[in-house]
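# Working through the structure, step by step
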Amino acid sequence: MKPGSVIVDMAASNGGNVAGSVAGELIVTDNNVSIIGYTDLAGRLPTQASQLYGTNLVNLMKLLTPAKDGQLVLDFDDVVQRTITVVRDGERTWPPPPVQVSAAPTTAPATMRPAKVEKQPMTSTRKYTIVGIGVVALFLLTAFSPNQLIGNFTVFVLAIVIGYYVIGHVHHALHTPLMSITNAISGIIVVGALLQIGHHDTVITVLSFIAILLASINIFGGFAVTRRMLSMFTRA
Amino acid sequence: MSAETAAQAAYIVAALLFIMSLAGLSKHETSRSGIVFGISGMTIALAATIGLASRSIAWTGIVLLLVAMAIGATIGLLRARSVEMTGMPELIAMLHSFVGLAAVLVGWDGYYQVEDKGSAQTEIARSLLRIHHAEVSSACSSGR
């Protein structure tokens, strides 16, 4: 075990479950592991509980009287003091506001809320302006691009629309598998390398060989990983 | 039906299968068929491309191609099987950056091929290539 570990052997009076334990004694091994073999654990409990509770109260008093002069000072910005106050100046302060923890679940809704508020004030004129600018930009981009690109633009725009509507309402649990399969499909870049390999230039062949290798890792690995993830969802 | 039109048709079918794959993955009930669609789409696209490539390149090229795919498939399948579930996001990110790297290499290759030919065709390919590079670098950075 790690140095500093503590083992409480509750069966020490009957010989013990731990090899090194001695009934009624506290043993510290060479590895700095403490083995508690006390046989009167139940008898020690009240003392221990009183000690813990007493420490709690002392710390609370310290918190409530910061100047150490016996004067009660309530600081409502302090989470502890706010949550244990039920009434203040004749006003009910219960229930307290939810405690803000720095864990991810509470920060996520906090960041979501402003976004929602911002979305509403978007007026119809503003919406039409943004769409209009987008349409004009797309028009100019396509009109001034070389002929060969126009077909590509068509595919690109269609892909955006399809992608938006296909992936729009994904179940939360399926985000990661969807990411993974999208990634596997993006390995289609291998097609480019497949058409380049075998030409007379050695540099091109070597580069496309590496490209095919990397993309194949992605394709096969990606589909296999997705399948493995989905197999976790099956009901036994 | 020439080989070119057959390949184009295969690409369109594969694209449709990919869309169905993504759509399937958005619901639990259809997620399994989604994977099947994805795999069959990829198989069709690869078969069409290899068929197209085999007409213009020497047998050494075909051998190299198959060897590269076999090595890649082995590594990919082994990694996918051995990875811990908690390490999954890292693996996917790593695979994604592989795609980015492959795209860079393909772009690089394209640059070499175009440089050899010269003339007006070069201009279009160059502009495409620049767009391609932008996409590649964004793919790489998001992969990391």
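Below you will find a few notes about this structure. A quick note: this is a predicted structure, and the numbers were derived from the prediction, not measured.

Rules and cut-offs
- Residues numbered from 1 in each chain as written.
- Chains lettered and ligands numbered in written order.
- Predicted model: local features only at pLDDT ≥ 70, side-chain atom pairs only at ≥ 80, totals over all residues.
- Heavy atoms only, no water.
- Helix = DSSP H or I, 4+ residues; strand = E, 2+ residues; numbered from the N terminus.
- Buried < 20%, exposed > 50% of the residue type's maximum accessible area, 1.4 Å probe, protein only.
- Contact = heavy atoms within 4.5 Å.
- Pairing = 2+ DSSP bridges.
- Axes fitted to C-alpha atoms, helices over the stretch in contact; angles between N-to-C directions.
- Phe/Tyr/Trp six-rings, centres within 6.5 Å; stacked < 30°, edge-to-face > 60°.
- Lys NZ or Arg CZ within 6 Å of the ring centre and 35° of its normal.
- Buried area = accessible area lost by both parts, 1.4 Å probe.
- Salt bridge = Lys/Arg side-chain N within 4 Å of Asp/Glu carboxyl O.
- Polar contact = N/O pair within 3.5 Å; in protein donor to acceptor, adjacent residues only side chain to side chain.
- Nonpolar A, V, L, I, M, F, W, Y, C, P; charged D, E, K, R; others polar.
- 1 Å grid on protein atoms, 1.4 Å probe; cavity = no way out; pocket = protein on both sides within 12 Å on 5 of 7 lines; lining within 4 Å.
- Points joined across faces, edges and corners; volume = space filled by probe spheres on them.

What follows deals with the overall build of chain A. Per the secondary structure count, chain A includes eight helices and five strands. Shown N-terminal to C-terminal, the secondary structure of chain A runs as helices and strands in the order β-β-β-α-α-β-β-α-α-α-α-α-α. Across the 236 residues that make up chain A, the buried fraction comes to 25%. Within chain A, residue pairs in contact and separated by at least 24 positions form 37% of the contacts whose partners lie at least 6 positions apart.

Strand pairing in a sheet is mediated by backbone hydrogen bonds. Such pairs are either parallel or antiparallel. Residue and element names in this part refer to chain A. Pairing within the open sheet is mixed, and its three strands lie in the order β1-β3-β2. Looking along the sheet, the strands with just one partner apiece sit at the ends: β1 (6-8) and β2 (26-28). Each strand axis lies, on average, 15° off the axis of its neighbour in the sheet, ignoring direction.

A few words now on unusual backbone geometry. Residues and elements named next belong to chain A. The peptide bond linking Trp94 to Pro95 adopts the cis configuration, its omega dihedral lying at -5°. Mapped onto the elements of the fold, Pro95 is located in the loop between β5 (91-92) and α3 (104-119). Non-glycine residue Asn32 carries a positive phi angle of around 65°. Structurally, the position occupied by Asn32 is in the loop between β2 and β3 (34-36). Non-glycine residue Lys68 carries a positive phi angle of around 60°.

Let's shift gears to the packing of aromatic side chains. All names here are of chain A. All told, the structure shown has one aromatic pair over all chains when counted by the stated rule. The interplanar angle of 85° and the centroid separation of 5.3 Å between the aromatic rings of Tyr164 and Tyr165 together place this pair among those described as edge-to-face. The exposed category is assigned to Tyr165, whose relative accessible area is 64%. A cation over an aromatic ring shows up here: Arg44 above the ring of Tyr38, its NZ or CZ 3.6 Å from the ring centre. The cationic tip of Lys127 hangs over the ring face of Tyr128; the distance from NZ or CZ to the ring centre is 5.9 Å.

Each partner contributes to the interface: chain A provides 67 residues, whereas chain B provides 64 residues. In total, about 5600 Å² of surface goes out of reach between chain A and chain B, with carbon and sulfur atoms giving 80% of it. Seen at the junction of chain A and chain B, the total is zero salt bridges. On the surface where chain A and chain B come into contact, there are five residue pairs in polar contact (both at pLDDT 80 or more). Element by element, the count of residues in the side of chain A that touches chain B is highest for helix α8 (residues 202-231) of chain A, at 28 residues. Tallied by class, the residues present in the side of chain A that touches chain B amount to 41 nonpolar, 23 polar and three charged.

Considered as a void within the structure, the second largest pocket measures approximately 220 Å³ in volume. Ile219, Phe220, Phe223, Ala224 and Arg227 of chain A together with Ile39, Met42, Thr43, Leu46 and Leu77 of chain B together form the lining of the second largest pocket. At five residues, the largest contribution of residues to the lining of the second largest pocket is made by α8 of chain A. For the lining of the second largest pocket, the residue count by class is eight nonpolar, one polar and one charged.

Take it as geometry only, folks, not as evidence of what the structure does.
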